[in-house]
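An overview of the molecular structure
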Amino acid sequence: MADMYIKDYTNTFIVHGHEYEVTSPARFNSDTDEIVDDMTLDDRAVEIANQMYRDDIGLVSPDDIKKYRVKIGLSQREFAKLLGRSTNTIALYETGASPSRSNNKLLKDLMEK
């Protein structure tokens, strides 16, 4: 197996029709200097692109949703009931799914109180 090394690599991602250029660490083959799949590093680059999209259009972040829910002392089930949404919806938002515009507004309004 060839030796590998890690260096910054710039790639372009399309997130919901928006284009983002992300520079992040990637794994390369030492013999060929070609990029090699690395699920951990690749997933991190995708996370960066998704966060850029969230920031760009003003979506509440998964971490902010979870921190707020924990701060007010509710389980995902209780928080979902408060919002009139399903527990699965809250779980998806806390793990990175983008809320709809109406759910994003609802979350922002609640979190600003």
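Residue positions are given per chain, counting from 1 as you read along its sequence in written order. In view of the model being predicted, local features appear only for residues whose pLDDT reaches at least 70, and side-chain atom pairs are presented and counted only at 80 or more, with totals across whole chains, interfaces and linings using the full set of residues. Only hydrogens and water are set aside; all other atoms, that is, all heavy atoms of the structure, feed into the side-chain values.

1. Concerning the pairing of strand S1 (residues 4-15)
Look at any regular strand and the pattern is simple: side chains alternate between the two faces of the sheet. Of the pairings in the sheet, the one linking S1 to strand S2 (residues 18-29) comprises twelve bridges and is antiparallel in character. Across the sheet, residue Thr-10 finds its bridge partner in S2, namely Thr-23. Any two strands between which DSSP finds at least two bridges are classified as paired. Helix numbers and strand numbers start at the N terminus; a helix is a DSSP run of H or I with at least 4 residues, a strand a run of E with at least 2. Between S1 and S2, which pair antiparallel one after the other, the connecting turn spans two residues, and His-16 there sits at a positive phi close to 50°.

2. What to know about a negative patch on the surface
Think of a patch as exposed residues, more than 30% relative accessible area, with no salt bridge, where like charges cluster within 9 Å and nonpolar side chains (Val, Leu, Ile, Met, Phe, Trp, Tyr) cluster within 5 Å. Computed with the Shrake-Rupley method and a 1.4 Å probe, the accessible areas treat only the protein chains shown as cover for residues. Criterion for a salt bridge: a side-chain nitrogen of Lys or Arg within 4 Å of a carboxyl oxygen of Asp or Glu. For this count, His and the chain ends are skipped, Lys and Arg are scored as positive, and Asp and Glu as negative. Each charge is placed at NZ for Lys, CZ for Arg, CG for Asp and CD for Glu. On the surface, a cluster of negative charge is contributed by Asp-3, Asp-31, Asp-33 and Glu-34. Inspection of the secondary structure puts Asp-33 in the loop between S2 and strand S3 (35-36). Buried residues are those whose accessible area, probed at 1.4 Å on protein chains only, stays under 20% of the maximum for their type, while exposed residues exceed 50% and partly exposed ones sit between those limits. By relative accessible area, which is 49% here, Asp-33 ends up partly exposed.

3. Observations regarding the pairing of S2
Sheet topology note: the S2/S3 ladder contains two bridges and is antiparallel. Paired with Phe-28 across the two strands is Ile-35, which belongs to S3. Where S2 folds back onto S3 in an antiparallel hairpin, the turn is made up of five residues, including Asp-33, whose phi is positive at roughly 60°.

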